[in-house]
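Here are the chains, one letter per residue:
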Amino acid sequence: MTKNTIYTYGTAGFRGKADTLEKAVARCGIAACLRSQQLNGQTIGVMITASHNPVNDNGVKIIDANGGMLDQTWEPLCTRLANASSESELEAAIKEIETVIANPSYSSVKPSVVLASDTRPSSPHLSKTLINALQSRNADFYDYGLLTTPQLHWLIQAINENSEYHVPSSIPHIESYYKTLSSSFVDLCKQFVPFETGKTKLIIDCANGVGAIHLEKLCSMLLPFLEIELVNKNTEQTDLLNKNCGADFVKTTQSLPAGLSGTLSPMQLCASFDGDADRVVFYFVDSAKKFHLLDGDKISVLAAKQLSACIKASQLDLKLGVIQTAYANGASTVYLEDELNIRAECVLTGVKHLEKAAREYDIGVYFEANGHGTVVFSKSCLQKLDTLPANATGEQRSAVNLLKGLSTLCNQAIGDSISDTLMVVFLLQVLGWNAADWLNMYHDLPNALAKATVRNRFEFVCTDADRRLVKPSGLQQIVDEIMRPYESARAFIRASGTEDAVRVYVEASSQKDVDKMMQAIMELLTVY
Ligand code: NG1
Ligand code: ZN
């Protein structure tokens, strides 16, 4: 994003080089205030982060009153505010939004906004810019300082669900997040993990990001059930953020992060977070030092397996769904549907689409292959779990207790690497599985993900949940021809929503076939 570029509020909010973002941040402050007024003063969040991007980038994202992503109808309104180039244009944009607000008494409502940021050196200045904008709208606000993105989502959900909270005088402290997660985890372990299993050790690569700060505090609360060793936890030397480490690095390079290579014991389970701790992937090396990745699909299938067994044992009528995107490995979808008998739904790329679909189920599991996701429980499901008949069997009660424990362990607002990690550790313990057992649940089809630069990525238009191109015309037919000779082949091209490129995904029954198809498609794209 350069100074003259038009800002577009997308899946990741506004993102770009930190020194181009001041205006976008201030305008997000105004948008957050207007949204809060529309919702009669419910609290809205603003997070300053650029996730897994390099340290010189930054970004700003609005969190809606329910703790989820900003309502999609507000995305173009944010874009309109951010691109207003003078005070009079800004006033006009605000007036236009006020007509959309449809709350006649909104002008007498005091906006309520909370904010937080990641550890980037540009974050304090952008937070200050945001606060100035909030003050100019006479908002009640509170700055939580350094938080992970999912922590801010969690706190906003807590603020709006509990009438005793008021910003800024009476707010939930981040300690309540630590306490909820750690006590859910410890209670679940006490109830369901056989004592003789002993404690688990996990190594977590924090990408030198904000997750390290909070894990340091949480670790001791998980004893004696989980011992965590943190690596890449240097948040002082800011140029190390996401550098050769973190979830994105491990997933895309399929290799160990800096700080772990060479020293890692075979079969030791490790996890990598991204810079704002909303993504997690797991991995280990075997005795031959071969690297094995356990990504978002593997987390999703592990959770679905246990949830489905518990639903069955509870004898409650609960609908379980798993939501994936086109980037989910085909083997995971086959395993879910054929082995576990669970419906797997494929939706458009982007967390907002996965989350929306997951909330249609009593229990919805959603994960992107890159490690972003969680398990959400509907209100009616929680009610059913609270009203087991008096004559319920011990097996039913035990299954219900496990489900209830997971509903407080899993972040109900958004995907969260900390809560996902605790869920995975607990589920592996319950099943008595090590990392290799988890890996062998199903075998990923060989695959590859690449990026191609094209003249105009907006010319690439998809259908069928991103899996087929309708434009440029004729291109899909050529891709179909490329795939035809290969077994279990799947390939698609789609414009990235976060980078100026198109992404190419290919999978097939052998790596050789994947490489051949990828080469052919990349060659094809050189003329676009
Ligand atoms: P784009 O750049 O639209 O492919 C990437 C991820 C998404 C999602 C967003 C949001 C892949 C292939 N794409 O989107 O899944 O996480 O970033 O940050 O991983
Ligand atoms: Zn992130």
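Quick caveat, the model's predicted, so the values are computed rather than measured.

> Tell me about the site of ligand 1, and name the residues and values.
For ligand 1, the full set of nearby residues is Thr11, Arg279, Tyr327, Thr349, Glu368, Asn370, Arg494, Ser496, Gly497, Thr498 and Arg503. Take Arg494: an N or O atom from its side chain is 2.7 Å from an oxygen atom of ligand 1. At 2.6 Å, a backbone N or O of Gly497 approaches an oxygen atom of ligand 1. Protein contacts shield 86% of the accessible area of ligand 1, which totals 440 Å² for the unbound molecule.

> Lay out the UniProt feature "domain: Alpha-D-phosphohexomutase C-terminal" (unreviewed entry) in the chain with the relevant residues and their values.
As annotated by UniProt and renumbered to match this structure, "domain: Alpha-D-phosphohexomutase C-terminal" (unreviewed entry) occupies residues 486-523. Between the end C-alpha atoms of residues 486-523 there is a gap of 18 Å, over a span that is 34% helix and 32% strand.

> Could you give me a rundown of helix α4 (residues 123-136), with the residues and numbers involved?
Taking 1.5 Å of rise per residue, 14 residues should cover 20 Å, and α4 covers 20 Å from first to last C-alpha, within 8% of that figure. Where α4 is buried, its residues contact α1 (22-38), β2 (43-48), β3 (57-63), β4 (112-117) and β5 (140-146). A positive phi of about 60° marks Asn138, the residue just after α4.

> Tell me about the packing of aromatic side chains, and name the residues and values.
Applying the stated criterion across every chain yields a total of 13 aromatic pairs. Considering the side-chain rings of Tyr7 and Phe14, the 5.8 Å spacing of their centres and the 70° angle between planes classify their relative orientation as edge-to-face. No difference in accessibility class separates Tyr7 from Phe14, as the two residues are buried. Taken together, the ring pairs connect Tyr7, Tyr9 and Phe14 into an aromatic cluster. Lying across the ring of Tyr442, Lys298 places its NZ or CZ 4.1 Å from the centre.

> Provide a residue-level description of the coordination of the zinc ion (ligand 2), including the pertinent values.
Within the first shell, the zinc ion (ligand 2) binds the protein through Ser51 (OG), Asp274 (OD), Asp276 (OD) and Asp278 (OD), at distances of 2.0 to 2.1 Å. Around the zinc ion (ligand 2), the 4 donor atoms are arranged such that angles at the metal cover 86 to 166°; this shape is classified as irregular. Summarised as a motif, the one-chain spacing of the donors to the zinc ion (ligand 2) is S-x222-D-x1-D-x1-D. By relative accessible area, which is 1% here, Asp274 ends up buried.

> Go over the UniProt feature "domain: Phosphoacetylglucosamine mutase AMG1" (unreviewed entry) in the chain, please, and point to the residues and values.
When the UniProt feature table is mapped onto this chain numbering, "domain: Phosphoacetylglucosamine mutase AMG1" (unreviewed entry) sits at residues 197-281 and 295-433. Across residues 295-433 one finds 55% helix and 14% strand; the C-alpha atoms that close the span lie 17 Å apart.

> Please give an account of the domain arrangement of the chain that cites residues and values.
Its domain assignment divides the chain into domain 1 (14-171), domain 2 (177-294), domain 3 (297-439) and domain 4 (447-525). Between the C-alpha centres of domain 1 and domain 3 the distance comes to 31 Å. Contacts between the two partners involve 11 residues from domain 1 and, on the opposite side, 12 residues from domain 3. When the two sides are added together, the surface that domain 1 and domain 3 hide from each other amounts to roughly 910 Å², 58% of it contributed by carbon and sulfur. Area buried by domain 1 at its contact with domain 3 is led by Met69, Gln72 and Pro150, which between them contribute 46% of it. Inspection of the region where domain 1 meets domain 3 yields 2 salt bridges. Two residues, Lys379 and Glu161, come together in a salt bridge whose shortest N-O distance is 3.7 Å. At the boundary of domain 1 with domain 3, the tally comes to 2 residue pairs in polar contact (both at pLDDT 80 or more). The class makeup of the residues in the side of domain 1 that touches domain 3 is 3 nonpolar, 6 polar and 2 charged.

> With reference to specific residues and values, describe the nonpolar core.
By size, the foremost hydrophobic cluster in this structure holds 93 residues, and its most contacted members are Phe185, Phe282, Leu307, Ile363, Met423, Phe426 and Trp438. Every residue in contact with Phe185, bar those within four places of it in the chain, is listed here: Leu222, Phe225, Leu226, Leu409, Leu422, Val425 and Phe426. Counting residues in hydrophobic clusters, the runner-up holds 38 residues, among them Tyr9, Ala31, Ala84 and Tyr106.

> Residues and numbers for the packing of helix α9 (residues 296-314) against helix α10 (residues 330-339), please.
Put simply, α9 and α10 touch, their axes get as near as 10 Å, and they point 10° apart. Here α9 is positioned roughly parallel relative to α10, judged by the angle of their axes. Residue-level contacts link Asp297, Val301 and Ala304 of α9 to Ser332, Tyr335 and Leu336 of α10. Here the residues of the contact of α9 with α10 are counted per class, giving 4 nonpolar, 1 polar and 1 charged.

> Go over the pattern of salt bridges, please, and point to the residues and values.
When the charged atoms of two side chains lie near each other, side chains of opposite charge can form a pair. Evaluation of the coordinates by the stated rule reveals 22 salt bridges. In this structure, Glu499 and Lys451 form a salt bridge, with 2.7 Å as the shortest nitrogen-oxygen distance. Of this pair, Glu499 sits in the loop between β18 (490-495) and β19 (502-507) while Lys451 sits in strand β15 (residues 447-452), placing them 48 residues apart in sequence. When its relative accessible area of 46% is taken as the criterion, Lys451 is described as partly exposed. The shortest N-O distance in the salt bridge between Arg503 and Glu499 comes to 3.0 Å. Salt bridges sharing partners connect three or more residues here, namely Lys451, Glu499 and Arg503.

Rules used in this analysis
Residues numbered from 1 in each chain as written. Chains lettered and ligands numbered in written order. Predicted model: local features only at pLDDT ≥ 70, side-chain atom pairs only at ≥ 80, totals over all residues. Heavy atoms only, no water. Near = heavy atom within 4 Å. Polar contact = N/O pair within 3.5 Å; in protein donor to acceptor, adjacent residues only side chain to side chain. Areas by Shrake-Rupley, 256 points an atom, 1.4 Å probe, with all protein chains shown as cover. UniProt positions renumbered as here; feature names shortened; annotations may be inferred. Helix = DSSP H or I, 4+ residues; strand = E, 2+ residues; numbered from the N terminus. Expected span 1.5 Å × (residues − 1). Contact = heavy atoms within 4.5 Å. Phe/Tyr/Trp six-rings, centres within 6.5 Å; stacked < 30°, edge-to-face > 60°. Buried < 20%, exposed > 50% of the residue type's maximum accessible area, 1.4 Å probe, protein only. Lys NZ or Arg CZ within 6 Å of the ring centre and 35° of its normal. Donors = N, O, S within 2.8 Å, 3.2 Å for Na, K, Ca; no water. Tetrahedral: all angles 85-135°; square planar, octahedral: opposite > 155°, others 65-115°. Domains from an automatic or database assignment. Buried area = accessible area lost by both parts, 1.4 Å probe. Salt bridge = Lys/Arg side-chain N within 4 Å of Asp/Glu carboxyl O. Nonpolar A, V, L, I, M, F, W, Y, C, P; charged D, E, K, R; others polar. Core = buried A, V, L, I, M, F, W, Y, C linked by side-chain atoms within 4.5 Å. Axes fitted to C-alpha atoms, helices over the stretch in contact; angles between N-to-C directions. Parallel < 35°, antiparallel > 145°, perpendicular 65-115°, else oblique.

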